Amino acid sequence: MLDKIVVHGGRRLQGTVHASGSKNAVLPILAATLLTEEPCEIRNVPDLSDVHLMLDILDGLGMRTSFASGTVRTEVADESISTAPYDLVHQMRASICVLGPLLAKRKRAQVAHPGGCVIGTRPIDLHVKGLKALAAELQTVHGYLEGTTVGLTGAHIFLGGPFGSTVTGTANVLMAATLARGTTVIEQAACEPEVVDLADFLTAMGAQIEGAGTPRITVHGVERLGGATHEVIPDRIEAETFMIASAITCGDVRIESCRPDQMVAVAEVLRECGASVEALSAQSVRVRGSRYIKPVDVTTFAYPGYPTDAQAQIMALMSVADGISVITDKVYPDRYMHVSEYNRMGAQIRKNGPTAVVQGVEFLSGAPVKATDLRASAGLILAGLAAQGETEMHQVQHLDRGYDRIEQKLIQLGAAIERVRYAPRRRKSDRRAA
Ligand code: UD1
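Cut-off values and rules
Residues numbered from 1 in each chain as written. Predicted model: local features only at pLDDT ≥ 70, side-chain atom pairs only at ≥ 80, totals over all residues. Heavy atoms only, no water. Buried < 20%, exposed > 50% of the residue type's maximum accessible area, 1.4 Å probe, protein only. Helix = DSSP H or I, 4+ residues; strand = E, 2+ residues; numbered from the N terminus. Pairing = 2+ DSSP bridges. Axes fitted to C-alpha atoms, helices over the stretch in contact; angles between N-to-C directions. Contact = heavy atoms within 4.5 Å. Domains from an automatic or database assignment. Buried area = accessible area lost by both parts, 1.4 Å probe. Salt bridge = Lys/Arg side-chain N within 4 Å of Asp/Glu carboxyl O. Polar contact = N/O pair within 3.5 Å; in protein donor to acceptor, adjacent residues only side chain to side chain. Near = heavy atom within 4 Å. Areas by Shrake-Rupley, 256 points an atom, 1.4 Å probe, with all protein chains shown as cover. Nonpolar A, V, L, I, M, F, W, Y, C, P; charged D, E, K, R; others polar. Parallel < 35°, antiparallel > 145°, perpendicular 65-115°, else oblique. Left-handed = near helix turned anticlockwise from the far one by under 90°.

### Description of helix α4 (residues 99–106)
Okay, step 1: Across the eight residues that make up α4, a large majority, eight, are buried.
Okay, step 2: Backbone geometry just downstream of α4 places K107 in the positive-phi region, at approximately 70 degrees.

### Structural notes on the sheet that holds strand β11 (residues 183–187)
Okay, step 1: Strand order in the open sheet formed by four strands is β10-β11-β13-β12, with mixed pairing between adjacent strands. Where the open sheet ends on each side, the last strands, each with one partner, are β10 (156–158) and β12 (208–210). Direction aside, the axes of adjacent strands within the sheet are offset by 15 degrees on average.
Okay, step 2: When β11 meets strand β13 (residues 216–220), the two strands line up antiparallel, connected through five bridges. The partner of I186 across the bridge, within β13, is I217.

### With respect to the environment of I327
Okay, step 1: Tracing the backbone through its elements, the reader meets I327 in strand β19 (residues 324–329).
Okay, step 2: Sequence-distant contacts of I327, that is, excluding residues within four places in its chain, are made with V298, Q311, I314, M315, M318, Y336, P354, T355, A356 and V358.

### A closer look at the domain arrangement of the protein chain
Okay, step 1: For the protein chain, the domain assignment lists domain 1 (2–20 + 234–422) and domain 2 (23–231).
Okay, step 2: Here domain 1 and domain 2 have C-alpha centroids that lie 30 Å from each other.
Okay, step 3: Each side of the interface is counted separately: domain 1 has 24 residues, and domain 2 has 17 residues.
Okay, step 4: Per-residue buried area on domain 1 facing domain 2 is highest for Y303, Y332 and R401; these three make up 31% of the total on that side.
Okay, step 5: Along the contact surface separating domain 1 from domain 2 lie two salt bridges.
Okay, step 6: R401 serves as the salt-bridge partner of D50, at 2.9 Å between the closest nitrogen and oxygen.
Okay, step 7: Connecting domain 1 to domain 2 are seven residue pairs in polar contact (both at pLDDT 80 or more).
Okay, step 8: Secondary structure elements with two or more residues in the side of domain 1 that touches domain 2: α12 (374–386) and α13 (397–402).

### Looking at the pairing of strand β23 (residues 390–394)
Okay, step 1: Relative to β23, strand β1 (residues 2–8) runs antiparallel, the two being bridged by four bridges. Across the sheet, H8 pairs through a bridge with E390, a residue of β23.
Okay, step 2: Of the pairings in the sheet, the one linking strand β22 (residues 368–370) to β23 comprises three bridges and is parallel in character. Bridge assignment links P368 to a residue of β23, and that residue is E392.

### Things to note about the site of the ligand
Okay, step 1: In the vicinity of the ligand lie 18 residues, with L126, T166, T168, D309 and V331 positioned nearest.
Okay, step 2: For the ligand, an oxygen atom lies 2.9 Å from a polar atom in the side chain of Y332.
Okay, step 3: The protein chains hide 91% of the 730 Å² of surface that the ligand would expose on its own.
Okay, step 4: Those elements giving two or more residues to the shell around the ligand turn out to be α5 (125–133) and α6 (167–178).
Okay, step 5: Looking at the shell around the ligand residue by residue, the classes come out as eight nonpolar, six polar and four charged.

### Observations regarding helix α10 (residues 311–318)
Okay, step 1: Counting buried residues in α10 gives eight out of eight residues, a clear majority hidden from the surface.
Okay, step 2: When we look at burial in α10, the residues that qualify are Q311, A312, Q313, I314, M315, A316, L317 and M318.

### Quick notes on the packing of helix α8 (residues 236–248) against helix α9 (residues 264–272)
Okay, step 1: α9 packs onto α8 with a crossing angle of 5 degrees between their chain directions and a minimal axis gap of 10 Å. By the criterion of interaxial angle, the relationship of α8 to α9 is roughly parallel. Contact residues: E240, M243, I244 and A247 in α8; V266, A267 and L270 in α9.
Okay, step 2: Of the residues that constitute the contact of α8 with α9, the class distribution is six nonpolar, no polar and one charged.

### Let's talk about the sheet that holds strand β7 (residues 108–112)
Each strand in a sheet pairs with another by means of backbone hydrogen bonds, the pair being arranged parallel or else antiparallel.
Okay, step 1: Spatially, the four strands line up as an open sheet ordered β6-β7-β9-β8, and their pairing is mixed. In this open sheet, the two edge strands, each paired with only one partner strand, are β6 (83–84) and β8 (137–141).
Okay, step 2: As paired strands, β8 and strand β9 (residues 144–148) are joined by five bridges and run antiparallel to one another. Within β9, the residue paired with E137 across the bridge is T148.

### Things to note about the pattern of salt bridges
Okay, step 1: One pass over the full model with this rule turns up 22 salt bridges.
Okay, step 2: A salt bridge links R286 to D252; its shortest N-O distance comes to 2.8 Å. Of this pair, R286 sits in strand β17 (residues 284–288) while D252 sits in strand β15 (residues 252–256), and the two are 34 residues apart along the sequence.
Okay, step 3: Salt bridges sharing common partners tie together D3, D400, E407, R419 and R421.

### Some words on the side chain of S284
Okay, step 1: Locating S284 in the fold gives a position in strand β17.
Okay, step 2: When neighbours within four sequence positions are excluded, S284 is seen to be in contact with R254, I255, E256, C258, P260, E278 and A279.

### Description of the packing of α4 against α6
Helix-helix packing is described using two parameters, namely the angle between the two axes and the distance between the axes.
Okay, step 1: Contact geometry of α4 with α6 gives a least axis separation of 7 Å together with a crossing angle of 15 degrees. Compared by their axis directions, α4 and α6 come out roughly parallel. Read as a crossing pair, α4 and α6 show a hand that is right-handed. Here L99, G100, P101 and A104 of α4 lie close against α6, whose contacting residues are N172, M175 and A176.

As structure tokens, then:
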């Protein structure tokens, strides 16, 4: 049996919704629990398939983990294991985050090379460069990154690449540096709030870190880290998805448990489109859509720029704007698999290199579509909310990687959306095989 999401378009979203904990913050934080023998407690953890996968990886690495009521508890049972196998790692790129902690704490690591994915080639050369600078030996053997070290040593590392800073690369080097001998300076470090949240967790464990959230992070290595309790920051991409959902349905939505100060770029673009965006408090934002959606030009950049993870969602909004918008993804120039799905719904989008030219249409019409990746799946749901008729989205597993109970949250706001379990149609070739 498979799942699909069915959206009946045309309803205006109204009401209040709460953002869950951040996926991109919690995944490296969970990996960081490998750095201590003591128990850790992580709160505000979203219930996502990526989180369950990271817990499976940790369990396989000799940790004992539990996850109930939004709280993960971890403790180490066996530190002799250092292999993160392909069958788990290839499902989620963030699994590479165990590499730094394993090298720092266990002095060896075999982590399957995560490979590319539909949003691009996604290299890990900067992770490797940073860890090698800390005196780890690393090589690829039979598809695995194999690493050893006699003990990591602090270094001055420039971590910028052709597409700017790297988020999980910064996380990996930061985690490794906490237990390195001496001081490490990471230049052109990622400034994302998720890196700051990781640094806060590491600091609670006893790490000495300065400058997290700026392009230069300094880490003074310590002998050992202890257990800690930590509450994960809200998921800004999830909150931004609801902000755009309000704009595309001409809605009036209040998002609680979020951080408006971390969503400035998206708020600004929505205002340019004609929506009203109002921070009601430090944890709450209200977005009111306008019937007339103005076209905008959007370019994605590293934080605090417009996030690539909200590119597919803003494209859905632009597809019904009154005029031509230009969207450029500077972080993942190939992240446009959703274009052809939007066009199936009547959008008029043309991709040209790292840029998409979106000619707004008066209305989208519901259609069967397939989610090609996590954020594309969110964008297709937004398109479905605005479309006339019914949209059926397949390949829902992408959505479940990163959105905690999104159908329930949208229903709470008045959307007509349901998850339907169905048996896939058998093909003649299947019948022959049976
Ligand atoms: C993280 C996020 C992902 C988001 C992305 C960019 C997590 C778990 N995932 O992914 O949701 O879309 O940041 O904001 O936090 N690059 C290199 N060499 C490297 C690493 C990256 O050239 O070694 C390039 C990438 O191809 C990309 C750019 O740098 O063009 C940014 O990638 P990066 O920040 O590393 O993305 P992730 O950390 O994998």
